[in-house]
Amino acid sequence: MSEETRRLKVKKPSIGDQVLPKGAILQERYEILRALGLGGMGYVYQARDLRFANIKRLCAIKEMISTSPDPKFRKVALHNFEREANTLASINHPSVVKIYDYFTEGKRIYLVMEYVEGKDLERMLDELPKGTFLEESRVLKWGIQLCDVLAFLHENETPIVYRDLKPPNVMLRDKGPDTVVLIDFGIAKAFQEGQKGTMMGTEGYSPPEQYRGIASPQGDIYALGATLHHLLTRRDPKLQPPFTFHEAPPRNFNPKITELTEQVIMRSVNYDKDKRFDSSLEMGIALQKALDKNTQPEWMNQMQQIYDTPIGEEKPATPEYQASPKPPEVPAPEISAPNINKGTGTIQPLWKFECEDDVRSSPRVRDGIVYIGSYDQWMYAIDAKSGSKVWKYEVGGGIAASPCLYKDKVIIGSEDNVVYAFKVEDGTPAWTCYTKGMVRSSVHVSEEFEVALFGSDDNHLYVIDVNTGRLRWKFHAGGMVRSTPCFSDQLIFVGSEDNHLHAVTIQGKSKWRFESSLGIVASPVVEGNLVLVGSKDGHFYALSKKAGNQVWRVKTNKPIYSSPRVHGKMVYFGGIDENLYAVEIQSGRVKWKFNAKSHIISTPLVFNDAIYFGTSSGEVISLVLKNGKERWRFQTDGPVPSSPDGYEDIIYIGSTDCHVYALPA
Amino acid sequence: MQFLRRIFTREKISVDTSLETTEIETDTSEVSHYMPGLNVAYQTDVGQVREQNEDSLYALNVYLEANDETIPFGIFIVADGMGGYLKGEVASSTAVHTVADYLLSNIYMPILNENTQSAKQKPIREILEDAILMANTKIMETTPEAGTTLTVAMVMRDELHVAHVGDSRAYLYHDNDLEQLTVDHSLVARLVELGQVTPEEALVHPQRNVLYRAVGQTDDLDAEVYYRSFPANSYLLMCSDGLWGLVDDEEIAHILSSPPNLQSCVSNLITTANANGGDDNITVILVGMGELPM
């Protein structure tokens, strides 16, 4: 009958060795026909009651073998068993299996019960073809019946908490309408001592407080919610980290489930028992509502949607679709809904600074001054507080790169093939360095070696003296170098359009290279022993710093141009697939991602527990760092490939609408 | 073609009982923690209560010369089988063999010999996940009634990759600090995390042995893979719950803090677990990282 411990594998040999043979007769009355399954304490048999000689009256007999060597313990166990059997014998409900008799033979105790012809719900799930689901309305109907029987038990003269609701304990009768029966009342539990040996499979359906010994009707509600979740999603809670339902709304697994059903389930499996339904009755009503919604004709749903959509301030009266008398209002369940952003705010800029062309460059802020280049061929220094110009300098080409601040200089490349160093205080040029291609890569400085590193469209990685701009050496990277180099442990890492990430020694020799399937435009960062970089081939790679072998990768569906930002144990980057990713560096697991509904080229900024980035639809978006929930968004009038910088609670960013913005963080 | 060099002689020790499935590939007689690169000691013990040892272990430690560098490389595995009727042993040893085979053919040869790495080669994390999935499939085919925990550590240069299912553990001991790298896939670990029970209550909780994830149980097994650096003068400790269930972290750290040599540390750990009751099989692998030969 019940196969409750089918998945519970115990290290010690089980007591289920000595199965009663077919034809064995117990109490001169019950003839064993076959074993139905192995339970926790012994077998369950199908038997025939011989007192009814002329008809074949079947019953199920559950055997419990007391393995405890302690006679006192056995006596207490027997006493508990008898008490519980008597309670159950007094229950008369069509959805509770009937108990006829119990007796002992030696160390074995037998319980004679109604034989329910049918299948348990676990088997229903097992027999379902892969990729298909049980029909939602059918599962809801079972849920309603189970709420009824739980309410009956909870409101019994001696209230009974079932404690062990799960698919294998619910039978579906073969005959008659689709009715369910609770079969296992956990009587065997009275006989169980603490299990020894490692076991697989948790209950999965039991509420957290039950492990502190608290059994309440809310516990049964949790287990019913967990059971319905499993039935509708086929996601076995026994195989998940326990108590993680809040991360697993049913519609993540079976998108066809209605939102109302999901809400009922999520409320019933709330970790906090006071946030679940107050009673099974209340849960039953909520399920009935979900069922009504589920079974009403499609046109009604469409009507409902039209009515539910608020128009302006006016809200039309909700039409009555309840055929049955209107049930009491169920309070709106609280469920966490990732990526649904309620309370999204918009903000106003503190100032904006107008340029004559796109601002693709990313600002750098230091000592109250914002440094940024523009496609209008000017390099600007702007007062961070007021947004007024401090100085500007005209170069011979558009500026797409971002400035690098080193001591008293700001260094930046331009599409006129030149890298410029200016004095920060007044913009006087300090030195220039010529290349044979446009410079879109930004400059990175190694203070230790006093060199500036950058790439050029002339296919070279340049290493120059940061004080004079004189070339130390250049490295042929096989393709245009638009990625910004980074430096760690005497190695320089840079991406190239030749599809490789190059690791070059400080002497200019190739140490190793990693080949991706397409070019690497994004800039690498080093964290510990890993080099992290995105590629146009749609992958974000973590490579070992010493040898370049892949440690992990995250597959996105579109190219990656956004450079990564490391903060604590996480790395953040954006994708052309419109997602901002938060990935755990040690494992390569995506902790959360946020769909911005538009390309992300901008490198995210982490600032004061929040994250900031621009999108190709012109928005600047801020998310909560921890969970990726939206904080606010700000609309500019052009795509924002620029990456923000933060300074004293203000975020600075450029936009292709020709402005630099200062936004409140 | 690069050539391989084994510093340690290979010695296969087979323990004379059909129940013991110890796979051992290094010589421990001369190991001290003063040698460069990796040094390894290990031991498995049936404990004081059980009749069979259902744990399996595997340790492989080699040096590889490639592109002017000497690369320490090691694979270390602990598996704690469950299932009764000798099936636990079969499951744990199947897991250990399958994973070791897979890692040798998919990482050892292809990755270590190249200085151009390619996106066509799978990342180490995915190779480790595949190795565990393969062990999972094999156990489901051969011993469907059984399962096993599986904790795999792979060391390459100073990189440490740990893949893990179940409640065997990997720790990193460095500067007198014992850090647990793995998270137990057990009910009580989760209850502790959620604050439902205290760590002290967890040690005696009636369901302390219940795992929610184990190898050989379901098709879509989700292994956890962690990457860490393995700095010089630190130690990787891998063990089954027979050790950590009976010897607390403080005691483990104390034993590791004064090693005359690695093997005596391992013996001390096992002796202590047995002295504290030895209610389960005890398996310990201890890997020391010396100064890298680079």
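Refer to the structure above for everything that follows.
Residues numbered from 1 in each chain as written. Chains lettered and ligands numbered in written order. Predicted model: local features only at pLDDT ≥ 70, side-chain atom pairs only at ≥ 80, totals over all residues. Heavy atoms only, no water.

Take the interface of chain B and chain A next. At the junction of the two partners, chain B supplies 61 residues and chain A supplies 55 residues. Of the roughly 4,800 Å² buried where chain B meets chain A, counting both sides, 49% is carbon and sulfur surface. In this structure, the salt-bridge partner of D222(B) is R589(A), at a minimum N-O distance of 3.5 Å. Secondary structure elements with two or more residues in the side of chain B that touches chain A: β5 (69–82), β6 (116–118), α2 (124–142), β9 (159–165), α3 (187–193), β12 (210–211) and β13 (224–229) of chain B. If you tally residues by element for the side of chain B that touches chain A, the top one is β13(B), at 6 residues. Residue composition of the side of chain B that touches chain A, grouped by class: 24 nonpolar, 18 polar and 19 charged. (Contact = heavy atoms within 4.5 Å. Buried area = accessible area lost by both parts, 1.4 Å probe. Salt bridge = Lys/Arg side-chain N within 4 Å of Asp/Glu carboxyl O. Helix = DSSP H or I, 4+ residues; strand = E, 2+ residues; numbered from the N terminus. Nonpolar A, V, L, I, M, F, W, Y, C, P; charged D, E, K, R; others polar.)

Turning our eyes to something else, we now look at a negative patch on the surface. Together, D248(B), D249(B), E250(B) and E251(B) line one region of the surface with negative charge. Mapped onto the elements of the fold, D249(B) is located in helix α6 (residues 249–257). (Patch = residues over 30% accessible without salt bridge, like charges linked within 9 Å, V, L, I, M, F, W, Y side chains within 5 Å. Areas by Shrake-Rupley, 256 points an atom, 1.4 Å probe, with all protein chains shown as cover. Lys, Arg positive; Asp, Glu negative; His and termini not counted. Charge placed at Lys NZ, Arg CZ, Asp CG, Glu CD.)

All names here are of chain A. Evaluated as defined, the whole model comprises 38 salt bridges over all chains. D236 is the salt-bridge partner of K238, the closest N and O atoms lying 3.3 Å from each other. There is no split in this pair, since K238 and D236 are both buried. For D457, the salt bridge identified is with R482, shortest N-O distance 2.9 Å. Residue D457 is found in the loop between β22 (451–455) and β23 (460–465), and its partner R482 is found in the loop between β24 (471–476) and β25 (486–488); the two are separated by 25 residues along the sequence. (Buried < 20%, exposed > 50% of the residue type's maximum accessible area, 1.4 Å probe, protein only.)

Residues and elements named next belong to chain B. Relative to the elements of secondary structure, P231 occurs in the loop between β13 and β14 (234–239). The partly exposed category is assigned to P231, whose relative accessible area is 27%. Leaving out residues up to four positions away in the same chain, P231 has contacts with H174 and M289.

Residue and element names in this part refer to chain B. With antiparallel pairing, 5 strands are arranged side by side in an open sheet as β3-β15-β14-β10-β11. With partners counted over all chains shown, the strands left at the sheet margins are β3 (38–45) and β11 (177–180), one partner each. For this sheet, the mean angle separating the axes of adjacent strands, direction not counted, is 15°. Most of the contacts of α6 go to strand β10 (residues 169–174), to which it runs at about 50°, and overall it touches β10, β11, β14 and β15 (282–289). Against the sheet, helix α7 (residues 262–275) engages β3, β14 and β15, with an angle of about 25° to β3. (Pairing = 2+ DSSP bridges. Axes fitted to C-alpha atoms, helices over the stretch in contact; angles between N-to-C directions.)

Generally speaking, soluble globular proteins have nonpolar side chains that are buried together. Counting residues in hydrophobic clusters, the biggest one holds 66 residues, and the most contacted among them are W142(A), L165(A), L182(A) and M283(A). Here this core takes 9 residues from helix α3 (residues 136–154) of chain A, the largest share from any one element. Composition of this core by domain shows at least three residues from each of domain 1 (25–114) and domain 2 (120–190 + 205–308) of chain A. When sequence neighbours within four positions are dropped, the list of residues in contact with W142(A) reads L121(A), M124(A), L134(A), L172(A), D178(A), V180(A) and L231(A). Core analysis: the second largest hydrophobic core is formed by 37 residues, A91(B), Y108(B), I127(B) and L150(B) among them. (Core = buried A, V, L, I, M, F, W, Y, C linked by side-chain atoms within 4.5 Å. Domains from an automatic or database assignment.)

Residues and elements named next belong to chain A. All chains considered together, the criterion is met by 22 aromatic pairs over all chains. Their ring planes at 0° and their centres at 5.2 Å tell us that F454 and Y462 sit as a pair that is stacked. We note that F454, like Y462, is buried. Ring pairs connect the aromatic residues Y371, W391, Y393, Y420 and F422, which therefore count as one cluster. Over the ring of Y375 we find R360, and its NZ or CZ is 4.6 Å from the ring centre. (Phe/Tyr/Trp six-rings, centres within 6.5 Å; stacked < 30°, edge-to-face > 60°. Lys NZ or Arg CZ within 6 Å of the ring centre and 35° of its normal.)

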